[in-house]
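# Secondary and tertiary structure notes
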Amino acid sequence: MTRIAFLGLGHMGLPMARNLVKAGHDVVAFDVMDAARAAAADAGLVVASSGPDAASGADVVVTMFPAGRHVLEAYQGGLLEAVAPGTLFIESSTIAVDEARAAHSLAVEAGHRNVDAPVSGGVVGAENGTLAFMVGASDEDFEVARPLLEAMGKRIVHCGGPGLGQAAKVCNNMILAVSQIVVGEAFVLGERLGLSHDALYDVAANASGQCWALTTNCPVPGPVPTSPANRDYQPGFAGALMAKDLGLALQAIEQTSTDAKMGRLAQELYAAFAAGDGAGRDFSGIITDIRDGRV
């Protein structure tokens, strides 16, 4: 049994923490939001009064925060000093590559170990323990982290050294965003040509148009009963989060002078979607803005 401090108990973090408990680990949790702490307590987790309090005595500290600045603020705000030397920090937030590397440097300079391990799979994956983890770490630290990640996920990929887990996440979500947009455009085009949703789905899902944005996150009600389109686009993965992740992708595109026209366009479209009514809707709901000509 490992003593784990889990910090960040939102839609993703809480079920991830619960899966660690189910795997037999001793988990102490914390979140800055009162409602999140209450939900964690209702779920049977031990809830601390602060991040450093949760981390005291922990072998591993997992962070699942909204943005990179929250990670760096927590590391510099007493978290690194609250634990014994050699503690493993698993950073599962989606943050910029340079922020992940800065967090790694802070942890190592304080005498600890650090891996970046952002996730893919959404709330359903977090609840079912089927997340994919993209890990940036040394070989040794990856092997230490792997059993804990396997308690929360189904596919664990070592992407390379520090920061490269976040690099993989940025690239993956850029692919996903572009795919979700074009799937939405295809359904709108099909509607206007007189093609039924079921017919288009049956063709594309079994032909060269097949992709996750179609067969799992189908943006129209009906063909995939479990997709957010069948529950009025409740996330899922919210449009605001996709816009945030594409902002990280754009930052990486500009830092590396990469000619990524589709990535840039996807960032523009999701920024517009999130600025409207898409912030709290599933990101597949961008089809409604496509249909109405708002993006």
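For the structure, see preceding data.
The paragraphs below set out a description of the structure included in this document.

Basis of the calculations
Residue positions are given per chain, counting from 1 as you read along its sequence in written order. Local features in this predicted model are restricted to residues whose pLDDT is 70 or higher, and side-chain atom pairs enter the listing and the counts only when it is 80 or higher, whereas totals over whole chains, interfaces and linings include all residues. Excluded from the side-chain calculations are hydrogens and water; all other atoms, namely the structure's heavy atoms, are used. Each helix corresponds to a stretch of at least 4 residues labelled H or I by DSSP, and each strand to a stretch of at least 2 residues labelled E; elements are numbered beginning at the N terminus. Only C-alpha atoms enter the radius of gyration; for comparison, a globular chain is expected to reach 2.2 Å times N to the power 0.38, where N is the number of residues. Throughout, a residue-residue contact means that at least one pair of heavy atoms, one from each residue, lies within 4.5 Å. We place a 1 Å grid over just the protein atoms. Points where a 1.4 Å probe fits but has no way out form a cavity, open points with protein on both sides within 12 Å along at least 5 of 7 lines form a pocket, and any residue with an atom within 4 Å of a point lines it. Grid points are joined across faces, edges and corners, and a volume is the space filled by probe spheres set on the points. Throughout this entry, Asp, Glu, Lys and Arg are counted as charged residues, while Ala, Val, Leu, Ile, Met, Phe, Trp, Tyr, Cys and Pro are counted as nonpolar. The remaining residues, Gly among them, count as polar. Criterion for a salt bridge: a side-chain nitrogen of Lys or Arg within 4 Å of a carboxyl oxygen of Asp or Glu. Here the axes come from fitting lines to C-alpha atoms, over the contacting stretch only for helices, and the angles between their N-to-C directions go from 0 to 180 degrees. What sets the label is the angle itself: under 35 degrees gives roughly parallel, over 145 gives roughly antiparallel, 65 to 115 gives roughly perpendicular, and the rest give oblique. For any helix crossing, the convention is left-handed if the near helix is rotated counterclockwise from the far helix by under a right angle, and right-handed if that rotation is clockwise. With a 1.4 Å probe rolled over the protein chains alone, any residue whose accessible area is under 20% of its type maximum counts as buried; one over 50% counts as exposed, and the rest are partly exposed. At least two DSSP bridges between two strands are required for those strands to pair. Orient the strands so they point away from the viewer, and a crossover whose first-strand-to-second-strand path over the helix runs clockwise is right-handed.

### Digging into the overall build of the chain
Looking only at helices and strands, the chain has 13 helices and 9 strands in total. In summary, the chain has a C-alpha radius of gyration of 20 Å against a globular reference of 19 Å for 295 residues, a match within 12%. When the backbone C-alpha atoms are referred to their principal axes, the chain occupies close to 65 × 45 × 35 Å. Sequence-distant contacts in the chain: of pairs separated by 6 or more residues, those separated by 24 or more amount to 64%.

### Concerning empty space enclosed by the protein
Going through the model one piece at a time under the given rule, you end up with 1 cavity of 30 Å³ or more. As a volume, the largest cavity reaches approximately 40 Å³. Looking at the lining of the largest cavity, the elements that each hand over two or more residues are helix H5 (97–109) and helix H11 (239–255). Per-element accounting of the lining of the largest cavity gives the leading share, 4 residues, to H11. Considering only residue class, the lining of the largest cavity consists of 5 nonpolar, 2 polar and 1 charged.

### Regarding the pattern of salt bridges
Within this structure, the stated rule accounts for 9 salt bridges. One salt bridge in this structure joins Arg37 and Asp34, with 2.3 Å as the shortest N-O distance. Separated by 3 residues within a single helix, Arg37 and Asp34 lie in helix H2 (residues 34–42), roughly one turn from each other. The salt bridge involving Lys261 is made with Asp259; its shortest N-O contact spans 2.9 Å.

### Section: the packing of helix H8 (residues 164–193) against helix H9 (residues 197–204)
It is at 10 Å that the axes of H8 and H9 come closest, and there the two elements cross at 130°. Here H9 runs oblique to H8, going by the angle between their axes. As for how H8 packs across H9, the hand of that crossing is right-handed. Along its contact with H8, which presents Ala186, Phe187 and Glu191, the element H9 presents His197, Leu200 and Tyr201. Among the residues making up the contact of H8 with H9, the classes are represented as 4 nonpolar, 1 polar and 1 charged.

### A word on the layout of surface pockets
Counted as a void, the second largest pocket has a volume near 230 Å³. Taken together, 14 residues line the second largest pocket, and the ones lying closest to its centre are Val170, Cys171, Ala252, Ile253 and Thr256. Listed by contribution, the elements that provide at least two residues to the lining of the second largest pocket are H5, H8 and H11. Along the lines of polarity and charge, the residues of the lining of the second largest pocket split into 9 nonpolar, 3 polar and 2 charged.

### Quick notes on helix H12 (residues 261–278)
Turning to H12, its buried residues are Gly263, Ala266, Gln267, Leu269, Tyr270, Phe273, Ala274 and Gly278. Packing partners of the buried residues in H12 comprise H8, H11 and helix H13 (286–292).

### Some thoughts on unusual backbone geometry
Glycine aside, negative phi is the norm for most residues, and most peptide bonds take the trans geometry. Following Pro235, the chain continues into Gly236 via a peptide bond in cis, with omega recorded as 15°. One can find Gly236 in the loop between helix H10 (212–215) and H11. If you check the backbone angles, Asp232 has positive phi at about 55° while not being a glycine. Among the secondary structure elements, Asp232 is positioned in the loop between H10 and H11. Of note, Ser257 is a non-glycine position whose phi angle comes to about 55°, a positive value. Positionally, Ser257 belongs in the loop between H11 and H12. Its relative accessible area of 68% is what places Ser257 among the exposed residues.

### Structural notes on the pairing of strand S2 (residues 26–30)
Where a strand is regular, its side chains alternate between the two sheet faces. Counted residue by residue, S2 has 4 buried out of 5 residues, so it is predominantly covered. Of the strand pairs in this sheet, strand S1 (residues 3–7) and S2 are connected by 5 bridges, and their pairing is parallel. Within S2, the residue paired with Phe6 across the bridge is Ala29. Regarding the hand of the β-α-β motif, the stretch spanning S1, helix H1 (residues 13–22) and S2 is right-handed.

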